[in-house]
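Listed below are the residues making up each chain.
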Amino acid sequence: MPYMIGVDIGTTSTKAVLYDLKGSVIEYANIGYPLYQEEDGMAEQDPEEIYAAVTEAITQVNKKANLSSSDLKGVAFSAAMHSLILLDKNHKPLTRSITWADNRASKWSDDLNESGIGHEIYLKTGTPIHPMSPLSKLIWLKNEKPDLFNQASYFVGIKDYILYQLFDRLVIDHSLASATGLFNIFNLDWDEQALSVAGVTPEKLPELVETTYQLTGLDKEFSKKTGISRKVPFIIGASDGVLSNLGVDAIDPGVAAVTIGTSGAVRMVIDHPVTDPKGRLFCYALAKDKWVIGGPVNNGGIVFRWLRDEIFTPEKITAEQMQIDPYEIITQIAEKVPAGSDGLLFHPYLGGERAPLWDANARGSFFGLTRQHTRAHMARAVLEGIVFNLDMVMLALTEVSGSPTRIQATGGFAQSSLWRQLLADIFEQEVTIPESFESSCLGAAVLGMESLHLIADLSAVENMIGSTHVHQPQKENFEVYRELLPIFVRLSRSLSSEYKNISDFQRKHYHQI
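None of the values given here were measured: they were computed from a predicted structure. Here, residues in each chain are numbered from 1, in the same order as that chain's written sequence. It should be noted that, the model being predicted, local features are given only for residues of pLDDT at least 70 and side-chain atom pairs only at 80 or more, the latter also being counted only at that level, while totals for whole chains, interfaces and linings use all residues. Think of the side-chain values as coming from all heavy atoms in the structure, minus any hydrogens and water.

Is there a simple way to think about the sheet that holds strand β14 (residues 234–239) in this case?
Between any two strands, at least two bridges found by DSSP are needed for them to pair. Here a helix means four or more residues in a row that DSSP labels H or I, a strand means two or more in a row labelled E, and each is numbered from the N terminus. Strands sit in the order β3-β2-β1-β5-β14-β13 across an open sheet of 6 strands; the sheet is mixed. Because the sheet does not close on itself, it has two edges, and the strands there are β3 (25–32) and β13 (214–215). Across the sheet, helix α10 (residues 240–247) touches β1 (3–9), β5 (72–79) and β14, and the angle it forms with β14 is around 100°. Two residues form a contact once any of their heavy atoms are found within 4.5 Å. Geometry is summarised by axes, namely lines fitted to C-alpha atoms with helices restricted to the contacting stretch, and by angles between N-to-C directions that run from 0 to 180 degrees.

Can you walk me through the packing of helix α13 (residues 326–335) against helix α14 (residues 375–401) in this structure?
Helices that pack against each other are described as a pair by the angle of their axes relative to one another and the distance between those axes. The N-to-C vectors of α13 and α14 enclose an angle of 100°; their axes lie 8 Å apart at closest approach. Regarding the angle of α13 to α14, the classification is roughly perpendicular. The residues of α14 that touch α13, namely those facing Ile330, Ile333, Ala334 and Glu335, are Ala376, Ala379, Arg380 and Leu383. For this scheme, ten residues count as nonpolar: Ala, Val, Leu, Ile, Met, Phe, Trp, Tyr, Cys and Pro. Four count as charged, namely Asp, Glu, Lys and Arg, and the remainder, Gly too, count as polar. Partitioned by chemical class, the residues of the contact of α13 with α14 number 6 nonpolar, no polar and 2 charged. Throughout this description, any angle smaller than 35 degrees is read as roughly parallel, any larger than 145 degrees as roughly antiparallel, any in the 65 to 115 degree range as roughly perpendicular, and the remainder as oblique.

What is the right way to look at the nonpolar core in this model?
Grouped burial of nonpolar side chains is what soluble globular proteins tend to show. Take the buried residues of types Ala, Val, Leu, Ile, Met, Phe, Trp, Tyr and Cys, join any two whose side-chain atoms come within 4.5 Å, and each joined set is a nonpolar core. Throughout, exposure labels follow a simple rule: accessible area from a 1.4 Å probe, protein chains only, divided by the maximum for the residue type, with under 20% read as buried, over 50% as exposed, and the rest as partly exposed. Core analysis: the biggest nonpolar cluster contains 168 residues, and Ile5, Ile9, Val75, Phe77, Leu166 and Phe234 have the highest contact counts within it. Among all residues touching Phe234, those that are not within four sequence positions of it are Val75, Phe77, Leu166, Phe167, Tyr213, Gln214, Leu215, Leu218, Phe222 and Ile228.

How should I be thinking about the sheet that holds strand β18 (residues 290–297) in this particular structure?
Either a parallel or an antiparallel arrangement is found when strands of a sheet pair, and the pairing is made through backbone hydrogen bonds. Ordered by their spatial adjacency, 7 strands build an open sheet running β17-β18-β16-β15-β21-β22-β23, and the pairing between neighbours is mixed. Looking along the sheet, the strands with just one partner apiece sit at the ends: β17 (282–287) and β23 (466–471). This sheet shows a mean twist of 30° between the axes of neighbouring strands, independent of strand direction. Sheet topology note: the strand β15 (residues 255–260)/strand β16 (residues 264–270) ladder contains 5 bridges and is antiparallel. Residue pairing in the sheet places Thr259 in a bridge with Ala265 of β16. The strands that α14 touches are β15, β16, β18 and β21 (406–410); relative to β16, the one it contacts most, it runs at about 20°.

When you look at the side chain of Asn62 in this model, what are you seeing that I'm missing?
Relative to the helices and strands, Asn62 is located in helix α1 (residues 47–65). Once residues lying within four places of it in the same chain are set aside, the contact partners of Asn62 are Leu67, Leu72, Thr226, Gly227 and Ile228.

I keep staring at a nonpolar patch on the surface and nothing clicks. Help me out?
Patch definition: residues with relative accessible area over 30% and no salt bridge; like charges joined within 9 Å; nonpolar side chains (Val, Leu, Ile, Met, Phe, Trp, Tyr) joined within 5 Å. Accessible surface is estimated by sampling points in the Shrake-Rupley manner with a 1.4 Å probe; for residues, cover comes only from the protein chains shown. What counts as a salt bridge is simple: a side-chain nitrogen of Lys or Arg found within 4 Å of a carboxyl oxygen of Asp or Glu. The grouping of Ile502, Phe505 and Tyr510 at the surface amounts to a nonpolar patch, some 310 Å² of accessible area in total. Residue classification places Phe505 among the partly exposed residues on the basis of a relative accessible area of 39%.

How do you make sense of the environment of Gly126 when you look at a structure like this?
Inspection of the secondary structure puts Gly126 in the loop between α3 (117–125) and α4 (134–144). Overall, Gly126 belongs to the buried group, its relative accessible area being 0%. For Gly126 and Phe183, which are 57 residues apart along the polypeptide, the C-alpha to C-alpha distance reads 8.5 Å. Setting aside chain neighbours within four positions, we find Gly126 in contact with Ile185, Thr275, Leu281, Phe282, Cys283 and Tyr284.

Would you explain the pairing of β1 in this entry?
Successive side chains on a regular strand alternate, one facing one side of the sheet and the next facing the other. For β1, the buried fraction is high: 7 of the 7 residues fall into the buried class. In this sheet, β5 lies alongside β1 in parallel orientation, the contact comprising 7 bridges. Pairing of Met4 across the sheet is with Gly74, part of β5. Bridge analysis of β1 against strand β2 (residues 13–20) gives 7 bridges, and the strand direction is antiparallel. Bridged to Val7 within β2 is Ala16. Counted along the chain from β1 to the antiparallel partner β2, the turn is 3 residues long.

Just checking my understanding: could you explain the pattern of salt bridges for this structure?
Opposite charge on two side chains makes pairing possible when the charged atoms of those side chains draw close. In the structure shown here, the tally under the stated rule is 20 salt bridges. Residue Asp173 pairs with Lys159 through a salt bridge whose shortest N-O separation is 2.8 Å. One end of the pair, Asp173, is in strand β9 (residues 171–173); the other, Lys159, is in helix α6 (residues 158–167), with 14 residues separating them in the sequence. Look at Asp173 and you get buried, because its relative accessible area is 0%. Take Lys159: its relative accessible area is 2%, and that puts it in the buried class.

Mind showing me how you'd approach α6 here?
Think of an α-helix as 3.6 residues a turn; residues three or four steps apart then line up on the same face. Across the 10 residues of α6, 9 count as buried, placing the element largely inside the fold. Inspection of α6 places Ile158, Lys159, Asp160, Tyr161, Ile162, Leu163, Tyr164, Leu166 and Phe167 among the buried residues, and these make up the whole buried set. Two residues or fewer past α6, Asp168 is found with a positive phi of approximately 60°.

Help me out: how do you make sense of the side chain of Asp276 in this one?
Inspection of the secondary structure puts Asp276 in the loop between β16 and β17. We classify Asp276 as buried; its relative accessible area is 2%. Ignoring any residue separated from it by four or fewer positions in sequence, one finds Asp276 in contact with His119, Tyr122, Leu123, Leu281 and Val400.

Please clarify how the packing of aromatic side chains should be interpreted in this entry.
Centre-to-centre distance and the angle between the planes together describe a pair of aromatic rings. Working definition: a ring pair exists when centres of Phe, Tyr or Trp rings (six-membered ring for Trp) sit within 6.5 Å. Plane angles under 30 degrees give stacked, over 60 give edge-to-face, the rest tilted. Going through the model one piece at a time under the given rule, you end up with 16 aromatic pairs. Between Phe304 and Tyr327, the aromatic rings sit 4.8 Å apart at their centres with planes inclined by 40°, giving tilted as the arrangement. Of the two residues, Phe304 is situated in helix α11 (residues 301–311) and Tyr327 in helix α13; the sequence distance between them amounts to 23 residues. Using a relative accessible area of 7% as the deciding quantity, one classes Phe304 as buried.

Would you explain the pairing of β18 in this entry?
Burial analysis of β18 places 7 of its 8 residues in the buried class, which makes it a mostly covered element. Bridge count for β16 against β18 is 7 bridges, and the pairing is antiparallel. The residue of β18 that forms the bridge with Arg267 is Gly294. The sheet contact formed by β17 and β18 spans 5 bridges and is antiparallel. Residue Phe282 lies in a different strand from β18, and its bridge partner there is Gly294. Connecting β17 to the next strand, β18, in antiparallel fashion are 2 residues, including Asp289 with a positive phi near 65°.

Take a look at the structure:
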């Protein structure tokens, strides 16, 4: 039988999944690595540790399956967006991989936005101006670490670096390129203005290729270690976000994918690149005539974790003693409170925010707190606040590309019936939870299958997943949320001028990120 391996190089681990052509999972491996945060704003990873994890994950799934060399038809890649590695003339790393979560370029992002040049660049590249993007990171390095910047011969992302180790070629797919802030999504080439602002030339960047591009002639040592024949084609693939849409069958017009893991996102597929005049949304390439428009949020499950660790510590300890999930206990407590948390709102900006605010200085807050409110109210308000913020992204998306006709929701949150119902009620839409395991890996594998002509087109994914839950909006709940959402939105806007003041105070006195 023919098989495909989908590999996702993520922020916390690399996952490899072996699929058959029906999308069934045959084998799975997940290899983690640390995030280095040795100074304020830093979020880096070691490229060699990630390369080792990629090697080990692929080795595990291939050897556990015990495939013959003719059974494995290809390996396709997904990767986290916005990483940046500086390489010397011998392609050796001068830096670790600076991840999307690194915030040290925030001053330079602010300057670029305030100048107006940032918006000009955004309208051509589809990447909002933010410390996450390689564009902002390059400006920061050029100005604050000029010796290091000038020493670099190449500027690449983590997937580009891994594939260089495997094929001795520096290439980047249109999808990851479109998340750099350096790539013109309308002419599919590096943008002259963005490169000029960043201080780089095309010669220092990887070669641009389509997401279905195939690489052959695998490195001998990697082939020997993993057991994969040097003849097996590797498909470059795309970014994790756009491939997640593919992996949950949210690629038809009007179908939105809502993901809440540690962070979150709202995304829809359109047939041509579009940017938002207000600069709130990204637009990234998936494949020919398929572009993903949407917005990522920093504050998803990580906020729920903060609630667990800082406000519900007794329940966490009890759950550990009883060997049950503490999130289940907290969710059960939150369910006892009515929709709207009796007028308590929570802005979930514990780590700054990307969409829809694009403000690294944004901070969290409870609003409307009274003596009648309890920890249970706070728990529900936190969960509602995360979804309110996602709904702000959805409102921007609707304004630019139309209302969704269906919502496919995924991520760790989807295990909670309360959170699933919150999505349906606050979005006022039917919400379906697709049965999709490691959606970015599946998306990569399906893209690889199309590249190798093993399937007719990407729509074959609809036969590879089912649905596990369907939730309808409840009238008594969404009427409450209709009243509260405008207050939530107005508050986030009115506090924007104070976010910088309070974050400056925190950095000055407490060295908070």
